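Each chain, written out:
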Amino acid sequence: MHAPHISENVWWIIAVIMTALLLAAWLPILPNAKSRSQFSAIPLLGVLFLSTMAKLRGHDLTTLLSTYSTVLLAFTISAIGRRADIRVAVRQGEDPLGTPASESEPATRRITIQILSACAVSFALWTWLKYGQ
């Protein structure tokens, strides 16, 4: 199965949509303003990182936009259905006494499995889009 050719302009549109989806999926989940403001910096940091890599390694903009979009896809997929688990994990980091291990450990495991699965699916999609012929 051949990968479709996606132009740079379309990748810009996809990147903007993926940024909006990421923020729409994650911001309501996060329990406080501090965690929401920190998470909102992810797209900006991603753009800065990828633009730096473009200068250092000479990647074209299409590759960078596709990388950015698929990474955001992984983060967006990883949030689906994990509202309670993510709230427990974030609160655990803020509570000086911590939450009981029996409550936080399974939540952390479920989040980790979903994030790793989302990363694998997104990487496979990016690989197919970039190298599929």
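What counts as what
- Residues numbered from 1 in each chain as written.
- Predicted model: local features only at pLDDT ≥ 70, side-chain atom pairs only at ≥ 80, totals over all residues.
- Heavy atoms only, no water.
- Helix = DSSP H or I, 4+ residues; strand = E, 2+ residues; numbered from the N terminus.
- Contact = heavy atoms within 4.5 Å.
- Areas by Shrake-Rupley, 256 points an atom, 1.4 Å probe, with all protein chains shown as cover.
- Buried < 20%, exposed > 50% of the residue type's maximum accessible area, 1.4 Å probe, protein only.
- pLDDT = per-residue confidence, 0-100.
- Axes fitted to C-alpha atoms, helices over the stretch in contact; angles between N-to-C directions.
- Parallel < 35°, antiparallel > 145°, perpendicular 65-115°, else oblique.
- Left-handed = near helix turned anticlockwise from the far one by under 90°.
- Nonpolar A, V, L, I, M, F, W, Y, C, P; charged D, E, K, R; others polar.
- Core = buried A, V, L, I, M, F, W, Y, C linked by side-chain atoms within 4.5 Å.

## A look at the overall build of the chain
Each helix and strand counted, the chain has 6 helices and 0 strands in total. In the chain, the order of α-helices and β-strands from amino to carboxyl end is α-α-α-α-α-α. Put simply, of all contacts in the chain between residues at least 6 apart along the chain, 75% involve residues at least 24 apart. Accessible surface, the chain: about 8300 Å² in total, of which carbon and sulfur atoms supply 69%.

## A few points about the environment of V10
Among the structural elements, V10 can be located in helix α1 (residues 8–26). Residue classification places V10 among the partly exposed positions, given a relative accessible area of 38%. Along the primary structure V10 and T62 are separated by 52 residues, whereas in three dimensions their C-alpha atoms are 9.4 Å apart.

## Description of the confidence of the model for the chain
Of the residues in the chain, 83% reach a pLDDT of 70 or more, and the chain-wide mean stands at 80. At the low end of the mean pLDDT range in the chain sits helix α5 (residues 83–94), at 66; at the high end sits α1, at 91.

## As for the packing of α1 against helix α4 (residues 61–79)
Packing of α1 against α4 leaves a shortest axis separation of 9 Å and a crossing angle of 25°. For the element pair α1 / α4, the angle class is roughly parallel. The handedness of the crossing between α1 and α4 is left-handed. Between α1 and α4, the residues in contact are E8, W11, W12, I14, A15, M18, T19, L21, L22, A25 and W26 and L61, T62, L65, S66, Y68, S69, L72, L73, F75, T76, S78 and A79, respectively. Here the contact of α1 with α4 is built from residues that sort into 16 nonpolar, 6 polar and 1 charged.

## Quick notes on the nonpolar core
Within the largest apolar cluster, 19 residues are counted, with the highest numbers of intra-cluster contacts made by W26 and I86. If you list the elements that add at least two residues to this core, you get α1, α3 (42–57), α4 and α6 (101–131). Excluding residues within four positions of it along the chain, I86 makes contact with W26, I29, L30, A79 and I111.

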